[in-house]
Amino acid sequence: QVQLVESGGGLVQPGGSLRLSCAASGSIFSINAMGWYRQAPGKQRELVAVITTGGSTNYADSVKGRFTISRDIAKKTVYLQMNSLKPEDTAVYYCNADLVSGSSWFTRIRDDYWGQGTQVTVSS
């Protein structure tokens, strides 16, 4: 059983900062990649940032230079530091993990897992 729990969302003024956290728990064998997606009202869900097993990162063009993704391997946690926030960053942010779950070889499965989302609102 795997859970991803996001935290750190909230209301912030334009130009402000927030740091999102996503902690993975459960029977996790390995994590291949973790990332953040977001979905604004009336919009499709889009990739924000991803960090891979080797530490490589990828960002959406709209957040490059403003957002930073990082991870704590021991804590199985991924972070998204969001600076210089804009109203267009307003969305529900979802944590995603590509991981292998299962405590033994015959129960292991690789799949994508999603958190429930955390609301980020950038407004005056």
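See the structure shown above.
Structural notes, computed from the coordinates. (Residues numbered from 1 in each chain as written. Predicted model: local features only at pLDDT ≥ 70, side-chain atom pairs only at ≥ 80, totals over all residues. Heavy atoms only, no water.)

Turning our attention to the side chain of threonine 90. Within the secondary structure, threonine 90 sits in the loop between β8 (77-82) and β9 (91-101). A polar side-chain atom of threonine 90 sits 2.9 Å from the main-chain carbonyl oxygen of proline 87. Every residue in contact with threonine 90, bar those within four places of it in the chain, is listed here: Ala40, Gln119, Val120, Thr121 and Val122. (Helix = DSSP H or I, 4+ residues; strand = E, 2+ residues; numbered from the N terminus. Polar contact = N/O pair within 3.5 Å; in protein donor to acceptor, adjacent residues only side chain to side chain. Contact = heavy atoms within 4.5 Å.)

This part is about the pairing of strand β1 (residues 2-7). On β1, burial follows the alternation: Val2, Leu4 and Glu6 on one face are buried, whereas Gln3, Val5 and Ser7 on the facing-out side are not. One ladder, built from six bridges, connects β1 with strand β3 (residues 18-26); its direction is antiparallel. Paired with valine 2 across the bridge in β3 is glycine 26. (Buried < 20%, exposed > 50% of the residue type's maximum accessible area, 1.4 Å probe, protein only. Pairing = 2+ DSSP bridges.)

Counted under the stated rule, the structure contains one disulfide. At a sulfur-sulfur separation of 2.0 Å, the disulfide partner of cysteine 22 is cysteine 95. Its torsion about the S-S bond being -85°, the disulfide of cysteine 22 and cysteine 95 is classed as left-handed. Of this pair, cysteine 22 sits in strand β3 while cysteine 95 sits in strand β9; the two residues are 73 residues apart in sequence, bridging distant segments of the chain. Cysteine 95 carries the same exposure label as cysteine 22, and that label is buried. (Disulfide = S-S within 2.5 Å.)

Bringing the environment of arginine 66 into the picture now. Along the chain, arginine 66 turns up in the loop between β6 (57-59) and β7 (67-72). Its relative accessible area of 11% is what places arginine 66 among the buried residues. A sequence separation of 19 residues divides arginine 66 from leucine 85, and the C-alpha atoms of the two residues are 7.7 Å apart. With near-sequence residues (within four places) excluded, arginine 66 lies in contact with Gln81, Met82, Asn83, Ser84, Leu85, Lys86 and Asp89. For arginine 66, the side chain forms a polar contact with the main-chain oxygen of serine 62, separated by 2.8 Å. Side-chain polar atoms of arginine 66 contact the backbone oxygen of serine 84, separated by 3.0 Å.

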